[in-house]
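# Structure assessment
Residues per chain, in single letters:
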Amino acid sequence: MEKKALTKTDVLTLGLMLFALFLGAGNIIFPPYLGQLAGDQLALAITGFLLTGVGLPLLGILAIAKAGGDLQSIAGRVHPIFGIAFTLIVYLAIGPFFGIPRTATVAFEIGTAPFLPSAFAESNWSLAVFTIVFFTITVLFAMNPTKLVDRIGKVLTPLLILVIGLLAVKSFLTPMGSINAPIGNYDTEAFFESFLQGYLTMDAIAALVFGIVIIQSIRSKGITDTRTILKSTAYAGFIAAIGLSAVYLSLSYIGATSVDAIGLQDNGGIIIAMASRVLYGDIGGIILSAAITFACLTTSIGLVSATAQFFYKILPKFSYIFYVLFFAAFSAVIANVGLTQLIAISLPVLLAIYPVAIVLVILSFFDRVFYRKPFVYVIALTATAVISIFDALRSTGLEFEQVDSVLRHLLFFEQGIGWVLPAVIGTLAGIVIARVTHKNH
């Protein structure tokens with residue numbers, strides 16, 4: 001019997017849907033800011049950014065497809081309690097604490113603030129009013145989000161690509177200014193600095209949430225064969241990865257050439273909003289604002305729905321609608337700290353959980369080598385978490401002189417990824433123990 005497979009059109013549609021899910025706040029605001037800071041080190045910087053901003057999300061999607069389940073099913077290989085706890089942390093980070101509020105603040109910075117009277121735009125009330133409207137719309141559509149997100153994605157994704165493409169082409173043909181010297185850490189550590197900045201897109205952990213959406217979409221076409229699902233997911237993932245890479249390259253170049261025209265800015269939302277006006281005048285600002293506002297709204301609806309579904313699954317005492325209302329209201333409150341402050345607050349949390357998510361995903365690809373023994377996961381993840389938690393604490397300004405004096409001997413510690421060597425050593429040690437004990441039995 002011939003196995004059923006997706007058509008090329010279905011795969012392309014799936015890839016665009018995945019691209020639309022990823023294409024939200026973080027994808028728009030970080031590349032322009034990176035471009036401004038990286039300056040003439042842009043090529044090296046964007047390479048590091050693409051590794052974490054595109055490569056890791058692609059791995060995450062493939063890991064979920066290979067597991068044939070969701071994040072909890074992969075994390076549960078460590079221990080059932082860890083499976084629930086880590087999944088909970090990821091959903092809270094990508095959801096109401098950082099991911100969802102950021103969609104509103106980016107939509108405000110780019111889509112609304114530039115068109116408000118300066119006195120009102122700079123007041124706290126403007127963001128407060130906007131977030132109330134934004135999350136009211138989110139709630140209304142999150143009640144039944146599937147069709148809406150799909151429809152908006154099909155229309156919005158080509159529109160947003162067109163808008164960014166027009167900005168990029170104009171910035172190449174008539175640059176806003178020259179590319180300046182790098183600033184701060186980008187002068188000597190452009191690759192590693194941007195590697196860490198890629199964390200801030202949150203796409204690697206978003207992939208662990210969105211992966212199940214893609215799998216369900218494939219299964220809805222009547223496909224049940226695991227290998228076919230993995231293959232279709234891989235094709236869709238590569239389509240999304242190509243799209244994201246093109247967006248990141250374009251926006252980072254716009255940022256790199258914008259300093260002479262608009263000066264250094266606090267965040268990428270302001271940069272892209274001001275750059276669009278310089279390149280195309282008021283009409284450029286209007287088109288960009290509309291497209292990005294809807295992109296952020298689509299992501300907000302998807303994340304609110306996904307978070308509500310997860311909590312309804314583990315705590316069915318309250319209804320799905322209750323969770324939608326609760327997380328939307330909570331996100332509206334958090335959003336009012338402002339975009340720049342929200343980014344600063346989220347960095348330590350992401351520095352702590354991102355490495356753990358990375359190692360968990362990588363281990364899931366070859367866990368047959370160590371017979372899927374939980375203790376191998378435990379050793380590798382513990383070694384990773386110890387270093388990543390210290391990195392997170394250090395990013396807040398806390399000092400641990402005695403601990404630092406020891407950890408500084410680790411490879412890449414100064415660059416912010418000192419967890420890599422302990423993760424590798426922990427994994428290898430676990431594999432050796434697993435294989436030796438397996439032979440003895």
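Residue numbers run consecutively from 1 along every chain, following the written order of its sequence. For a predicted model such as this one, the threshold for reporting local features is a pLDDT of at least 70, and the threshold for listing and counting side-chain atom pairs is 80 or more; totals across whole chains, interfaces and linings nevertheless cover every residue. As a rule here, side-chain values cover all heavy atoms of the structure and leave hydrogens and water aside.

So, about the overall build of the protein chain. Put simply, DSSP H or I for four residues or longer makes a helix, DSSP E for two residues or longer makes a strand, and each gets a number counted from the N terminus. Looking only at helices and strands, one finds 19 helices and zero strands in the protein chain. We compute the radius of gyration from the C-alpha atoms alone; for a globule the expected value is 2.2 Å times N to the 0.38, where N is the number of residues. Over its C-alpha atoms the protein chain spans a radius of gyration of 22 Å, differing by no more than 12% from the 22 Å that the globule rule assigns to 441 residues. Along the first, second and third principal axes, the C-alpha atoms of the protein chain reach 75 × 55 × 45 Å. Exposure categories follow from relative accessible area, calculated using a 1.4 Å probe and restricted to protein chains: below 20% of the type maximum is buried, above 50% is exposed, and the middle band is partly exposed. Among the 441 residues that make up the protein chain, the fraction classed as buried is 54%. By sequence separation, contacts in the protein chain at least 24 residues apart represent 81% of the contacts at least 6 residues apart. Residue exposure ignores everything except the shown protein chains as possible cover, and the areas themselves are Shrake-Rupley values with a 1.4 Å probe. With the model as given, the accessible surface of the protein chain reaches about 19,200 Å², and the carbon-plus-sulfur share is 68%. Of the charged side chains in the protein chain, 24 are positive and 21 negative, and the gap between their average positions amounts to 20 Å. Contacts are assigned to residue pairs with any non-hydrogen atoms lying within 4.5 Å of each other. For the purpose of charge, His is not counted, nor are the chain termini; Lys and Arg are scored as positive and Asp and Glu as negative. Positions of charges follow a simple convention, taking NZ of Lys, CZ of Arg, CG of Asp or CD of Glu.

Known as pLDDT, the predictor's confidence for each residue is given on a scale from 0 to 100. Here the protein chain averages 86 in pLDDT, and 95% of its residues register 70 or above. The least confident element of the protein chain is helix α7 (residues 118–121), whose mean pLDDT is 72; the most confident is helix α15 (residues 320–335), at 94.

With that settled, the discussion passes to the nonpolar core. Put simply, buried Ala, Val, Leu, Ile, Met, Phe, Trp, Tyr and Cys residues joined by side-chain atoms within 4.5 Å make one nonpolar core. Judged by nonpolar contacts, the single largest core of 135 residues is most densely connected at Ile28, Ile110, Tyr199, Ile205 and Leu360. A per-element tally of this core places helix α14 (residues 268–314) first, with 17 residues. Non-local contacts of Tyr199, meaning those with residues more than four positions away in its chain, are made with Thr52, Leu350, Leu351, Tyr354, Pro355, Ile358, Ile417 and Trp419.

It is worth spelling out helix α16 (residues 339–365) at this point. An α-helix turns once every 3.6 residues. As a result, residues three or four positions apart point the same way. Maximum bend of α16: about 35 degrees, positioned at Leu350. Judged by how many residues are buried, α16 sits mostly within the fold: 19 of 27 residues are covered. What is called the bend at a residue is the angle between a pair of axes, fitted to the seven residues leading up to and ending at it and to the seven starting from it.

Another aspect to go through is the pattern of salt bridges. Any two side chains of opposite charge can pair, on the condition that their charged atoms come close. Salt bridges are defined by distance alone: a side-chain nitrogen of Lys or Arg within 4 Å of a carboxyl oxygen of Asp or Glu. Here the structure, examined in full by the defined rule, presents five salt bridges. Between Lys221 and Asp10 there is a salt bridge; the shortest N-O distance is 4.0 Å. Of this pair, Lys221 sits in the loop between α11 (203–219) and α12 (226–256) while Asp10 sits in helix α1 (residues 8–22), placing them 211 residues apart in sequence. Accessibility expressed as a relative area gives 42% for Lys221, which makes it partly exposed.

Now for the packing of aromatic side chains. Only the six-membered ring of Trp is used, alongside the rings of Phe and Tyr, when aromatic pairs are assigned; centres must lie within 6.5 Å, and planes under 30 degrees apart are stacked while those over 60 apart are edge-to-face, with the rest tilted. The full count for this structure, using the stated rule, is 23 aromatic pairs. When the ring of Phe97 is compared with that of Phe330, the centres are 5.2 Å apart and the planes differ by 75 degrees; the resulting orientation is edge-to-face. Residue Phe97 is found in helix α5 (residues 80–97), and its partner Phe330 is found in helix α15; the two are separated by 233 residues along the sequence. Residue classification places Phe97 among the partly exposed positions, given a relative accessible area of 36%. With a centroid separation of 5.6 Å and an interplanar angle of 55 degrees, the aromatic rings of Phe108 and Phe130 are classed as tilted. Separated by 22 residues along the polypeptide, Phe108 in helix α6 (residues 99–112) and Phe130 in helix α8 (residues 124–142) bring together distant segments of the chain. Grouping residues by exposure puts Phe108 and Phe130 together as buried. We call a charge positioned over a ring when the NZ of a Lys or the CZ of an Arg lies within 6 Å of the ring centre and within 35 degrees of the ring normal. Its end group placed over the ring of Phe115, Arg277 keeps NZ or CZ at 4.9 Å from the ring centre.

Moving on, we come to the side chain of Thr131. Within the fold, Thr131 resides in helix α8. Of the residues examined, Thr131 reaches a relative accessible area of 1% and is grouped as buried.

Take a nonpolar patch on the surface next. A contiguous nonpolar surface patch, about 700 Å² in accessible area, is contributed by Phe115, Leu159, Leu162, Leu166, Tyr280, Ile283, Ile286 and Ile287. Contributions of two or more residues to the nonpolar patch are made by α9 (145–173) and α14. Of the residues forming the nonpolar patch, the biggest block, four residues, is contributed by α14. Within the fold, Phe115 resides in the loop between α6 and α7. Residues forming no salt bridge and having over 30% relative accessible area are the ones grouped into patches, like charges within 9 Å of each other and nonpolar side chains (Val, Leu, Ile, Met, Phe, Trp, Tyr) within 5 Å.

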